[in-house]
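If you want the building blocks of each chain, they are given just below.
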Amino acid sequence: MTGLILKDFLILRKSLRSYLFMMIIYAAIAFTGVWTADIVGVLMVVVVMLLPMNVFAYDKQCQWDTYGLALPVGRTKTVAARYLCVLLLCLFSVALTAVLGVALYAAGRVEEPVEFMVTCSVMGLMSVLVNAIMLPFLYKFGPERARMMFFGIMGGVVLLIAAILFPLGGLNWLKSLDLTEPTFGQATIVPAVAALAGLILLALSFLLSRHFYGSKDV
């Protein structure tokens, strides 16, 4: 299974280099003060959402599934390797964003490091959430159709969040939490809750993807 994870990273090596280059550019702009440091977290979400779709597209282009299923690995481990790759990408992105946040704080461009920590945690959870939703679609419909469904899925995520917030009072409820100036206690709890929620979402998504891939004719 380690070989399957390495295969995915080798496929993404050029995309990852481009990702790092973009992060450097956005971080440099944040250093100048033109943009806030939060833009780095937003970029992290966008990139981690797009990278898995690229892996599926390359696999289909070279007909990897036909070859991969001939290996003594099994469909469950094949799907598990893809999910571990996505999880590693999310962790790498969060770690890189945190390092850039420390550098921006040292340069005086981040006034509230606690707020930036909370923002990174929320952005990391969003990247996991979108991947947890997208991966079963990719296994079920393939990269072309799933790519077209992407924007609909994003709209669905927004509607889901709105449906959850509406009974609580919507944006007024969020403002009442005073998350714009989080305490240190909130800053330590939010990353832990985000990590736990992300793992649960990926586990549920894995079960669905395993079912789709297990019943797929290749």
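Above this text sits the structure in question.
Note that this is a predicted model, so its numbers are computed, not measured. In this convention, every chain numbers its residues from 1, walking through the sequence in written order. Given that this is a predicted model, residues contribute local features only at a pLDDT of at least 70 and side-chain atom pairs are listed and counted only at 80 or more, while totals for whole chains, interfaces and linings are drawn from all residues. Heavy atoms from the whole structure form the basis of all side-chain values; hydrogens and water molecules are not counted.

Q: What should I look at first to understand the overall build of the chain in this one?
A: The numbering of helices and of strands both runs from the N terminus, where a helix is a DSSP run of H or I of at least 4 residues and a strand a run of E of at least 2. The helix and strand tally for the chain stands at 8 helices and 0 strands. When the helices and strands of the chain are placed in sequence order, the string is α-α-α-α-α-α-α-α. Three labels apply to residues, based on accessible area from a 1.4 Å probe with only protein chains included: buried if under 20% of the type maximum, exposed if over 50%, partly exposed otherwise in between. A buried classification covers 36% of the 218 residues belonging to the chain. Considering only residue pairs separated by 6 or more positions, the chain has 83% of its internal contacts joining residues 24 or more positions apart. Residue exposure ignores everything except the shown protein chains as possible cover, and the areas themselves are Shrake-Rupley values with a 1.4 Å probe. Surface exposure of the chain reaches about 12,300 Å², of which carbon and sulfur atoms provide 72%. Should any heavy atoms of two residues lie within 4.5 Å, those residues are counted as being in contact.

Q: In this structure, what is going on with the nonpolar core? I would like to understand it.
A: Side chains that are nonpolar tend, in soluble globular proteins, to be buried together. What is meant by a nonpolar core is a set of buried Ala, Val, Leu, Ile, Met, Phe, Trp, Tyr and Cys residues, joined one to another through side-chain atoms within 4.5 Å. By size, the foremost hydrophobic cluster in this structure holds 45 residues, and its most contacted members are Tyr83, Met134, Leu138 and Tyr139. Elements with a contribution of two residues or more to this core: α1 (2-11), α2 (13-32), α3 (38-61), α5 (75-106), α6 (113-165) and α8 (184-214). Tallying contributions element by element places α6 first for this core, with 13 residues. Residues within four places of leucine 138 in sequence aside, it is in contact with Met53, Phe56, Pro143 and Ala146.

Q: It is not clear to me how α2 should be interpreted in this structure. Could you clarify?
A: Every α-helix carries 3.6 residues per turn, so stepping three or four residues along brings you back to the same face. Under the convention used throughout, the expected extent of a helix is 1.5 Å for every residue step, that is, one less than its residue count. Between the first and last C-alpha of α2 there are 29 Å, a value that for 20 residues agrees with the 28 Å anticipated at 1.5 Å per step. Along α2, the residues that are buried comprise Leu16, Tyr19, Met23, Ala27 and Ala30. On an axial view of α2, the arc spanned by its buried residues comes to 70°, and they lie on one face. Exposed positions of α2 whose direction lies more than 90 degrees from the buried face are Lys14, Arg17, Phe21, Ile24 and Thr32. It is the directions from the helix axis to the C-beta atoms that the arc portrays.

Q: Looking at this structure, I do not really get a nonpolar patch on the surface. What am I missing?
A: Without a salt bridge and with relative accessible area above 30%, a residue can belong to a patch; like charges are then joined within 9 Å and nonpolar side chains (Val, Leu, Ile, Met, Phe, Trp, Tyr) within 5 Å. Every case where a carboxyl oxygen of Asp or Glu lies within 4 Å of a side-chain nitrogen of Lys or Arg is listed as a salt bridge. Together, Leu196, Ile200, Leu204 and Leu207 make up a nonpolar patch on the protein surface, roughly 390 Å² of accessible area in all. Mapped onto the elements of the fold, isoleucine 200 is located in helix α8.

Q: Whenever I open this one, the pattern of salt bridges confuses me. Can you help?
A: Two side chains that carry opposite charge are able to pair once their charged atoms sit near each other. Going through the model one piece at a time under the given rule, you end up with 5 salt bridges. The residue lysine 7 makes a salt bridge to aspartate 59 at a minimum N-O spacing of 3.2 Å. With lysine 7 in helix α1 and aspartate 59 in helix α3, the pair connects residues that are 52 residues apart, well separated along the chain. Residue lysine 7 shares its accessibility class with aspartate 59, and that shared class is buried. Among the ionic pairs, arginine 82 bridges to aspartate 8, the shortest N-O distance being 2.8 Å. With arginine 82 in helix α5 and aspartate 8 in helix α1, the pair connects residues that are 74 residues apart, well separated along the chain. As far as the burial class goes, arginine 82 and aspartate 8 line up, both buried.

Q: Can you help me understand the packing of aromatic side chains in this one?
A: Each pair of aromatic rings is reported with the distance of its centres and the angle of its planes. Only centres within 6.5 Å qualify two rings of Phe, Tyr or Trp (six-membered ring in Trp) as a pair; their planes then separate them into stacked at under 30 degrees, edge-to-face at over 60, and tilted for everything else. What the rule picks out here adds up to 5 aromatic pairs. Ring centres of tyrosine 83 and phenylalanine 206 lie 5.7 Å apart, and the angle between their planes is 85°; on these two criteria the pair is classed as edge-to-face. Note that tyrosine 83 is positioned in helix α5 and phenylalanine 206 in helix α8, a separation of 123 residues in sequence. Here the two residues tyrosine 83 and phenylalanine 206 agree in accessibility, since each one is buried. Feature note: the residues Phe56, Tyr139 and Tyr213 constitute an aromatic cluster, connected by ring pairs. A cation sits over an aromatic face here: arginine 75 above tyrosine 213, 5.5 Å from the ring centre. Distance and angle both matter: a charge sits over a ring if NZ of Lys or CZ of Arg is within 6 Å of the ring centre and within 35 degrees of the ring normal.

Q: What am I meant to see in the side chain of asparagine 131 here?
A: With respect to the helices and strands, asparagine 131 occurs in helix α6. Since its relative accessible area comes to 1%, asparagine 131 is described here as buried. If we ignore the near neighbours within four places in the chain, the residues touching asparagine 131 are Val48, Met49, Pro52, Val86, Cys90, Pro136 and Ser205.

Q: Quick question: what am I supposed to make of the packing of α1 against α5 here?
A: Working note: a packed helix pair is described by the angle between its axes plus the distance between those axes. Fitted lines through C-alpha atoms serve as axes, helices being fitted only where they are in contact, and the angles separating the N-to-C directions of these axes extend from 0 to 180 degrees. Where α1 meets α5, the axes come as close as 9 Å, and the angle between the chain directions of the two elements is 50°. Accordingly, the angle class assigned to the pair α1 and α5 is oblique. The hand of the α1/α5 crossing is right-handed. In contact with Leu4, Ile5, Lys7, Asp8 and Phe9 of α1, α5 contributes Lys77, Thr78, Ala81, Arg82, Leu84, Cys85, Leu88 and Leu89. The cut-offs work like this: below 35 degrees is roughly parallel, past 145 is roughly antiparallel, 65 to 115 is roughly perpendicular, and the gaps in between are oblique. In this scheme the crossing of two helices becomes right-handed for a clockwise turn of the near helix relative to the far one and left-handed for an anticlockwise turn of less than a right angle.

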